[in-house]
Amino acid sequence: MGQVTLPGNPPIDVVIKRSARARRISLRVSGIDGTVSMTLPRGISEAQGVDFAREKADWLRGHLAGRPDLVAVAHGVDVPVAGEMLTVAPASSGRAIRVSEGKIWVPGPDEQVGRRVQSWLKTLARDRLVQASDRYAALLGTEYSGISLRDTRSRWGSCSSRGGLSYSWRLILAPAEVLDYVAAHEVAHLREMNHSARFWALVEKLDPEFEASRRWLRTHGAALHRYRFDIDADAR
């Protein structure tokens, strides 16, 4: 894997990958973080790939310009929690984060706000995902071996062959019914490790309205990765 920068305004960093299965040069702009990647098939030189990327530079800039900006979480910033937009605000007393009056009250130094909100969201996500997973597992008369949280970009959840459930903690930013759908989806995999008709019948049994949540994730899911908790507000 390599990288090249296309000159222009603005310059574009392109990550270069090779694939034996690729049949042509392809360019992709990540809908999550705006990373531009180019895949080269066998027999195509890096120089040929760079020439191709230069020809597509205007197209790339158009896609990058249309991306939603990253949101650096800090005081005064709105953050969705279970689908409800709340404003991060400084708390003058106490040690714990609390929610009231449409605000997330965060005590402590300003430079720690993003990290503190992230930690609080992860704890909240774990609590709600455990509750949902327990509820659905009981409905199916099955058990899971454990739950882990990650900040995955390619999937919202997974179920291992040993019964371990893994979720993206960013599901706590989505409406509550969307989080519940993902939990139902992964718990259903405890019975059906596939996406057969039997699997989807189990999902529907657990969550009869799952199709609406599935559509929501397809339409809005990528935007949940806009929220960044490790960068300064001045960098927005």
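Everything discussed here concerns the structure shown above.
What you are looking at is a predicted structure, and each value in this text was computed from that prediction instead of being measured. (Residues numbered from 1 in each chain as written. Predicted model: local features only at pLDDT ≥ 70, side-chain atom pairs only at ≥ 80, totals over all residues. Heavy atoms only, no water.)

We now examine the environment of D78. Among the secondary structure elements, D78 is positioned in strand 6 (residues 78-81). A polar contact is formed between the side chain of D78 and the side chain of T87, at a distance of 2.6 Å. (Helix = DSSP H or I, 4+ residues; strand = E, 2+ residues; numbered from the N terminus. Polar contact = N/O pair within 3.5 Å; in protein donor to acceptor, adjacent residues only side chain to side chain.)

A few words on helix 3 (residues 113-140). Along an α-helix, residues three or four positions apart point the same way, because every turn accommodates 3.6 residues. For helix 3, spanning 28 residues, the distance from its first C-alpha to its last is 40 Å, which sits close to the expected 40 Å at 1.5 Å a residue. Every buried residue of helix 3 is accounted for by V113, G114, V117, L121, L124, A125, L129, A132, S133, Y136, A137 and L140. Just past helix 3, the residue G141 takes up positive phi, approximately 65 degrees. (Expected span 1.5 Å × (residues − 1). Buried < 20%, exposed > 50% of the residue type's maximum accessible area, 1.4 Å probe, protein only.)

As a general feature of sheets, a regular strand has side chains that alternate between the two faces. Relative to strand 7 (residues 84-90), strand 6 runs antiparallel, the two being bridged by four bridges. Among the inter-strand pairings, D78 is bridged to a residue of strand 7, identified as T87. Pairing geometry for strand 7 and strand 9 (residues 103-106), over four bridges, is parallel. Note that in strand 9 the partner of T87 across the bridge is K103. (Pairing = 2+ DSSP bridges.)

As summarised here, the arrangement of the four strands in space is 1-2-4-3, forming an open sheet in which the pairing is mixed. The open sheet has two edge strands, strand 1 (2-6) and strand 3 (26-29), and neither has a second partner. Taken pair by pair, the neighbouring strands of this sheet meet at an average axis angle of 30 degrees, ignoring direction. One ladder, built from four bridges, connects strand 3 with strand 4 (residues 36-40); its direction is antiparallel. When the sheet's bridge partners are listed, R28 is paired in strand 4 with S37. Sheet strands in contact with helix 1 (residues 46-55) are strand 1, strand 2 (12-18), strand 3 and strand 4, and its direction is about 135 degrees off that of strand 4. Each of strand 1, strand 2, strand 3 and strand 4 is contacted by helix 2 (residues 57-65), which is oriented at about 20 degrees to strand 3, the strand it contacts most. (Axes fitted to C-alpha atoms, helices over the stretch in contact; angles between N-to-C directions. Contact = heavy atoms within 4.5 Å.)

Where helix 4 (residues 176-188) contacts helix 6 (residues 210-220), the two axes come as close as 9 Å, and the packing angle between them is 105 degrees. Compared by their axis directions, helix 4 and helix 6 come out roughly perpendicular. Note on element contacts: helix 6 touches helix 4 through F210, S213, R214, W216 and L217, opposite E177, V178, Y181 and V182. Of the residues contributing to the contact of helix 4 with helix 6, the split by class is six nonpolar, one polar and two charged. (Parallel < 35°, antiparallel > 145°, perpendicular 65-115°, else oblique. Nonpolar A, V, L, I, M, F, W, Y, C, P; charged D, E, K, R; others polar.)

On to the nonpolar core, then. Considering soluble globular proteins, one finds that nonpolar side chains tend to be buried as a cluster. Formed by 50 residues in total, the largest nonpolar core has its most connected members in V88, V117, L121, Y167, I172 and V187. The set of elements that each furnish at least two residues to this core consists of strand 6, strand 7, strand 9, helix 3, strand 12 (164-168), helix 4, helix 5 (197-206) and helix 6. Of all the elements, helix 3 adds the most residues to this core, at 10 residues. (Core = buried A, V, L, I, M, F, W, Y, C linked by side-chain atoms within 4.5 Å.)

Reading across the sheet, the three strands line up as 10-12-11 and stay open at both edges, with mixed pairing between neighbours. Single-partner strands in this sheet number two, and they are strand 10 (146-150) and strand 11 (157-159). Mean inter-strand twist for the sheet, computed between neighbouring axes without regard to direction, equals 15 degrees. Here strand 10 pairs with strand 12 via five bridges, running parallel. The partner of I147 across the bridge, within strand 12, is L165. Contacting strand 10 and strand 12, helix 3 crosses the sheet at an angle of about 145 degrees to strand 10.

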